[in-house]
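Spelled out, the chains give:
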Protein chains: 2
Amino acid sequence: MFSKTCQYGIRAILYLAVHTSEDKKLGVEQISNGLDIPKHFLAKILQQLTKHHLASSSKGRNGGFYLNTENKNSSLLKVIHAIDGSDVFSLCILGLPECSSQNPCSLHQEALKQRSAMLKILEDQDIQQIAKRIDLKHIKI
Amino acid sequence: MFSKTCQYGIRAILYLAVHTSEDKKLGVEQISNGLDIPKHFLAKILQQLTKHHLASSSKGRNGGFYLNTENKNSSLLKVIHAIDGSDVFSLCILGLPECSSQNPCSLHQEALKQRSAMLKILEDQDIQQIAKRIDLKHIKI
DNA sequence: AGATAAAAAGAGTTTTATATCTTATTTAAA
DNA sequence: TTTAAATAAGATATAAAACTCTTTTTATCT
Ligand code: FES
Ligand code: FES
């Protein structure tokens, strides 16, 4: 469903949502240790997310990555779109060139039902909310 | 969701279900033309499916690939398992080492709901049924 | 000002997925 | 019995994804 890069990106964002703020930043190394993700690879992903204004960073001493309020009000869908592109949920699940209810494949109806449900979850709740849930219910990141 | 190999495999099986039988076989070339799938690649996939007894083949003149009755009574889930392995629907969607309701990630509940629905569709209806639906409703393969 | 610690950027490597090519084997028709 | 047509098998090639390494830039602390 999601590329490994995207999985890493989502987890990194959630980790930042739980552990950082404007004045509590984390270096790549700490994040990569916390999530068990290859350090340099994670660095690339975080850079990409920062460019898309889904995470924030500051260079130099005491610098690091973090989520500001705006970042925390964003959604996981945006993270997914930034990494895997905006087609993930609109391409035919069987790889056919078109995907529409007018011209469906044999799994279209079922795929559509599920993807809309997943999409709703991913765009309706903001990252802040998910972070709160993670904290309260001790959910893994 | 599915690898390209798996998408090709599913489509090939459905194509065979609609167009072949014990005494109406098709060569790789015809199938690859019909589905617009690279010929040699498709050959590999069909060999794999034949080994798993999900398709049938006969060599030599007038040979080709086809589905016998048993093949048509199988399910798409078996096809998927034969190609992408049996973990597709049981691994954590975020790539975490475990996936269970006891130890869920932040998307587990939603992912589970959807995967069970998809699984049900994929194992409950047999290939024959899907083929009939394709035929009646002029669905793409 | 200089040293240091961090992200940013870019180049390079490895691994996996996808695709192709070549040769062998099998079967049936001519 | 020879030839043609098909799958089977194995080796190779290409492309994309995953991962690593090195250098540059920037900010902060001493
Ligand atoms: S046409 Fe295949 S999923 Fe929509
Ligand atoms: S734990 Fe992540 S999907 Fe089940």
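Please refer to the structure placed before this passage.
Overview of the structure. (Residues numbered from 1 in each chain as written. Chains lettered and ligands numbered in written order. Predicted model: local features only at pLDDT ≥ 70, side-chain atom pairs only at ≥ 80, totals over all residues. Heavy atoms only, no water.)

### Some points on the protein's contact with DNA strand C
- Residues in contact with DNA strand C amount to 26 residues; listed here are only the nearest, K44 and S57 of chain A together with T5, P38 and F41 of chain B.
- Taking all atoms of DNA strand C within 4 Å of the protein, the share assigned to sugar and phosphate is 66%.
- For DNA strand C, a phosphate oxygen lies 2.8 Å from a polar atom in the side chain of S57 of chain A.
- Note that a phosphate oxygen of DNA strand C is positioned 3.3 Å from one of the side-chain N or O atoms of Y8 of chain B.
- Partitioned by chemical class, the residues of the surface near DNA strand C number six nonpolar, twelve polar and eight charged. (Near = heavy atom within 4 Å. Polar contact = N/O pair within 3.5 Å; in protein donor to acceptor, adjacent residues only side chain to side chain. Nonpolar A, V, L, I, M, F, W, Y, C, P; charged D, E, K, R; others polar.)

### Here we look at the side chain of R11 of chain A
- Inspection of the secondary structure puts R11 of chain A in helix 1 (residues 4-19).
- At 2.8 Å, the side chain of R11 of chain A forms a polar contact with the backbone oxygen of L35 of chain A.
- Not counting residues up to four positions away in its chain, the partners in contact with R11 of chain A are L35, I37 and I141 of chain A together with L94 and L96 of chain B. (Helix = DSSP H or I, 4+ residues; strand = E, 2+ residues; numbered from the N terminus. Contact = heavy atoms within 4.5 Å.)

### Description of the pattern of salt bridges
- Enumeration over the complete set of coordinates arrives at six salt bridges over all chains.
- In this structure, K39 of chain A engages E29 of chain A in a salt bridge whose closest nitrogen and oxygen atoms are separated by 3.4 Å. Of the two residues, K39 of chain A is situated in helix 3 (residues 39-51) and E29 of chain A in helix 2 (residues 28-35); the sequence distance between them amounts to ten residues.
- Accessibility expressed as a relative area gives 35% for K39 of chain A, which makes it partly exposed.
- Here E110 of chain B and K113 of chain B are joined by a salt bridge, their closest N and O atoms 3.3 Å apart. You can see E110 of chain B and its partner K113 of chain B sitting in helix 6 (residues 108-124), three residues apart, about one turn around the helix.
- By relative accessible area, which is 55% here, K113 of chain B ends up exposed. (Salt bridge = Lys/Arg side-chain N within 4 Å of Asp/Glu carboxyl O. Buried < 20%, exposed > 50% of the residue type's maximum accessible area, 1.4 Å probe, protein only.)

### A look at the relation of the copies chain B and chain A
- Placing chain B over chain A gives an RMSD of 0.0 Å and needs a rotation angle of 180°, together with 0.0 Å of translation along the axis. Expressed as a symmetry operation, the mapping of one chain copy onto the other fits a two-fold axis. For chain B, the residue whose C-alpha comes nearest the rotation axis is M1 of chain B, separated from it by 2.1 Å.
- When the interface residues of chain B are mapped onto chain A, 100% of them again fall at the interface, so both copies present the same face. (Least-squares fit on C-alpha atoms with pLDDT ≥ 70 in both.)

### With respect to the packing of helix 1 (residues 4-19) of chain B against helix 3 (residues 39-51) of chain B
Residue and element names in this part refer to chain B.
- Packing of helix 1 against helix 3 leaves a shortest axis separation of 10 Å and a crossing angle of 75°. In terms of their interaxial angle, helix 1 and helix 3 are classed as roughly perpendicular. Only F41, L42, I45, L46 and L49 of helix 3 make contact with helix 1, whose side of the interface consists of T5, Y8, G9, A12, I13 and L16.
- Tallied by class, the residues present in the contact of helix 1 with helix 3 amount to nine nonpolar, two polar and no charged. (Axes fitted to C-alpha atoms, helices over the stretch in contact; angles between N-to-C directions. Parallel < 35°, antiparallel > 145°, perpendicular 65-115°, else oblique.)

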